[in-house]
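# Commentary on secondary and tertiary structure
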Amino acid sequence: MSAIAAGAALLWSFCVAGLLARKGSRKWKRLLSWLILVPWALPGTVVAVSLAEAYGRPSPYWFFILVGTFWILPVFYFLRFMPLVVRAVQASMEQIDAALEEAASSLARAGGND
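Residues numbered from 1 in each chain as written. Predicted model: local features only at pLDDT ≥ 70, side-chain atom pairs only at ≥ 80, totals over all residues. Heavy atoms only, no water.

What follows deals with the pattern of salt bridges. Throughout the structure, instances matching the rule amount to 1 salt bridge. As a salt-bridge pair, Glu 53 and Arg 57 come within 3.0 Å of each other at their nearest N and O atoms. Residue classification places Arg 57 among the partly exposed positions, given a relative accessible area of 48%. (Salt bridge = Lys/Arg side-chain N within 4 Å of Asp/Glu carboxyl O. Buried < 20%, exposed > 50% of the residue type's maximum accessible area, 1.4 Å probe, protein only.)

What follows is the structure, encoded as structure tokens:
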């Protein structure tokens, strides 16, 4: 279950860190960074009770029930450790030189002309 959560967190983190590493507006980057940290701002018990309350019974907004299924623990693990993985991947991506990305894009364009 933790391997599923770790794989999902890693995949999600590469997507989010890619967005945060790009050039662009600092306002939405700051908002996204704060939203990523929300699971750490809340105690684990609060997150667990919130998940149980939100996904414990059928609702017009949710089409599935998580409580009592296999997926409750991977979802909780994902939410709990996603900020840590995002920060680690983001720190790694920020160390990559921008010239490497430019070189890769120019090679992709040159390869497409053959």
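So, about the nonpolar core. Formed by Ala 5, Ala 9, Val 16, Leu 20, Ile 36, Phe 78, Met 82 and Val 86, the largest nonpolar core amounts to 8 residues. Elements that contribute at least two residues to this core include exactly α1 (2-21) and α4 (72-94). Broken down by element, this core gets its largest block of residues, 4 residues, from α1. Every residue in contact with Ala 9, bar those within four places of it in the chain, is listed here: Phe 78 and Val 85. (Core = buried A, V, L, I, M, F, W, Y, C linked by side-chain atoms within 4.5 Å. Helix = DSSP H or I, 4+ residues; strand = E, 2+ residues; numbered from the N terminus. Contact = heavy atoms within 4.5 Å.)

As a further point, take the packing of aromatic side chains. Evaluated as defined, the whole model comprises 1 aromatic pair. Here the aromatic rings of Phe 70 and Trp 71 are separated by 5.1 Å at their centres, their planes lie at 90°, and the arrangement is edge-to-face. Note on Phe 70: relative accessible area 41%, which makes it partly exposed. The exposure class of Trp 71 is partly exposed, given its relative accessible area of 46%. (Phe/Tyr/Trp six-rings, centres within 6.5 Å; stacked < 30°, edge-to-face > 60°.)

Another point: the packing of helix α2 (residues 26-41) against α4. α4 packs onto α2 with a crossing angle of 135° between their chain directions and a minimal axis gap of 7 Å. Taken together, α2 and α4 sit at an angle that is classed as oblique. As α2 packs across α4, the resulting crossing turns out to be left-handed. The segment α2 lies against α4, with Ser 33, Ile 36, Leu 37, Pro 39 and Trp 40 engaging Leu 79, Arg 80, Met 82, Pro 83, Leu 84, Val 86 and Arg 87. Here the residues of the contact of α2 with α4 sort into 9 nonpolar, 1 polar and 2 charged. (Axes fitted to C-alpha atoms, helices over the stretch in contact; angles between N-to-C directions. Parallel < 35°, antiparallel > 145°, perpendicular 65-115°, else oblique. Left-handed = near helix turned anticlockwise from the far one by under 90°. Nonpolar A, V, L, I, M, F, W, Y, C, P; charged D, E, K, R; others polar.)

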